[in-house]
Amino acid sequence: MFRISAVFLIVAAVAGCDETRGPQSADLAGMPDASEGRALFMDYCSACHGEDATGNGPLARQNRRAPADLTLISLRHGDSFPRAKVLSTVDGYARSDLSGPAMPEFGELLSGDLVPYDSGDGTATPTPRKLVALVEYLETVQKTR
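Values in this document were obtained by computation on a predicted structure and should not be read as measured data.

**Focus: the overall build of the protein chain**
Now for step 1: Secondary structure assignment for the protein chain yields six helices and two strands.
Now for step 2: For the protein chain, the succession of helices and strands along the chain, N to C, is α-α-α-α-α-β-β-α.
Now for step 3: Here the protein chain holds 145 residues, and the buried ones make up 30% of them.
Now for step 4: At a minimum sequence separation of 6, the contacts of the protein chain that also span at least 24 residues come to 50%.

Structural data, given as structure tokens:
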């Protein structure tokens, strides 16, 4: 019995030293996908941007500025989805309006696990999983010409 326990502890200790696995690796079995992002969109964005992402949510008229139609992002950028710009808009980095942003910042989207994400520059950067999932979903709702 003692030998089995000792072997188990040694195996557990060695597994904990594996540098290819971090403490979050179990949660990172796969990259986030559009379905995960859709759920986040419904929780955080649909009140203003609407369930169809066209800017017609129930709180849209209460905003100083009408919420953007998020289905037109690619069309407004030459039929290319600007991942880095969308990430920066959602996480608040691109918004430097000192009088207060028209869109709230959602700190919850920036918390939790990080995943390696290439936003278009060829470099995989550690990015909050929830933020990546939301961007992946937004890319799927784009209208085309």
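**Things to note about unusual backbone geometry**
Now for step 1: Even without a glycine there, the phi angle at Ala53 is positive, about 65°.
Now for step 2: Residue placement: Ala53 occurs in the loop between helix H3 (46-49) and helix H4 (73-76).
Now for step 3: What makes Ala53 buried here is its relative accessible area of 0%.
Now for step 4: Located in the positive-phi region is Asp79, a residue other than glycine, with phi close to 65°.

**Some points on the pattern of salt bridges**
Now for step 1: If you walk through the whole model with that rule in mind, you get four salt bridges.
Now for step 2: Across the salt bridge formed by Glu108 and Lys130, the nearest N and O atoms sit 2.4 Å from each other. A residue pair is termed long-range when its members are at least 10 positions apart, and Glu108 in the loop between helix H5 (83-91) and strand E1 (114-118) and Lys130 in helix H6 (residues 129-140) qualify at 22 residues.

**Quick word on the side chain of Thr127**
Now for step 1: For Thr127, the location among the structural elements is in strand E2 (residues 124-128).
Now for step 2: Not counting the four nearest positions on each side in its chain, Thr127 is found in contact with Leu87, Asp113, Leu114, Val115, Tyr117 and Val132.

**Some thoughts on the pairing of E1**
Now for step 1: On E1, burial follows the alternation: Val115 and Tyr117 on one face are buried, whereas Leu114, Pro116 and Asp118 on the facing-out side are not.
Now for step 2: Note: E1 against E2, five bridges, orientation antiparallel. Each residue of the ladder has a partner; that of Tyr117, found in E2, is Thr125.
Now for step 3: In sequence, E1 turns back onto E2 through a hairpin of five residues, with Gly120 there showing a positive phi of about 125°.

**Concerning helix H2 (residues 34-44)**
Now for step 1: Of all the residues in H2, the buried ones are Gly37, Leu40 and Phe41. The buried residues of H2 occupy one face: seen down the axis, they fall within an arc of 105°. Opposite its buried face, H2 presents the exposed residues Ser35 and Asp43, each directed more than 90 degrees away.
Now for step 2: If you follow the buried residues of H2, they end up packed against H3 and H6.

**Focus: the side chain of Ser119**
Now for step 1: Among the structural elements, Ser119 can be located in the loop between E1 and E2.
Now for step 2: If we skip the residues at most four places from it in the chain, Ser119 touches Arg83, Ala84 and Leu87.

**As for the nonpolar core**
Now for step 1: Phe41, Val86, Leu134 and Leu138 are the most contacted members of the largest nonpolar core, which has 21 residues in total.
Now for step 2: At the level of secondary structure, the elements contributing two or more residues to this core comprise H2, H5, E1 and H6.
Now for step 3: Top contributing element to this core by residue count: H6, with seven residues.
Now for step 4: Contact partners of Val86, with chain neighbours within four places excluded, come to Ile73, Phe81, Val135 and Leu138.

**Remarks on H5**
Now for step 1: Buried within H5 are the following residues: Val86, Leu87, Ser88 and Val90.
Now for step 2: In this fold, the buried residues of H5 make contact with H4, E1, E2 and H6.
Now for step 3: Immediately downstream of H5, the backbone of Gly92 shows phi near 90°, a positive value.

About the criteria used
For every chain, the first residue of the written sequence is number 1, and numbering continues from 1 onward in sequence order. For a predicted model such as this one, the threshold for reporting local features is a pLDDT of at least 70, and the threshold for listing and counting side-chain atom pairs is 80 or more; totals across whole chains, interfaces and linings nevertheless cover every residue. The side-chain values count all of the structure's non-hydrogen atoms but skip hydrogen atoms and water molecules. Strands are runs of DSSP state E lasting at least two residues, helices are runs of H or I lasting at least four, and both sets are numbered from the N terminus onward. Only protein chains enter the area calculation, which uses a 1.4 Å probe; residues under 20% of their type maximum are buried, those over 50% are exposed, and those in between are partly exposed. Note on contacts: a residue pair qualifies if any of its non-hydrogen atoms lie within 4.5 Å across the two residues. Whenever a carboxyl oxygen of Asp or Glu lies within 4 Å of a side-chain nitrogen of Lys or Arg, that contact is scored as a salt bridge. Only when DSSP finds a minimum of two bridges between them are two strands counted as paired. For this quantity, the arc is that covered by the directions from the helix axis to the C-beta atoms. Here, the term nonpolar core denotes a set of buried Ala, Val, Leu, Ile, Met, Phe, Trp, Tyr and Cys residues that are joined through side-chain atoms within 4.5 Å.

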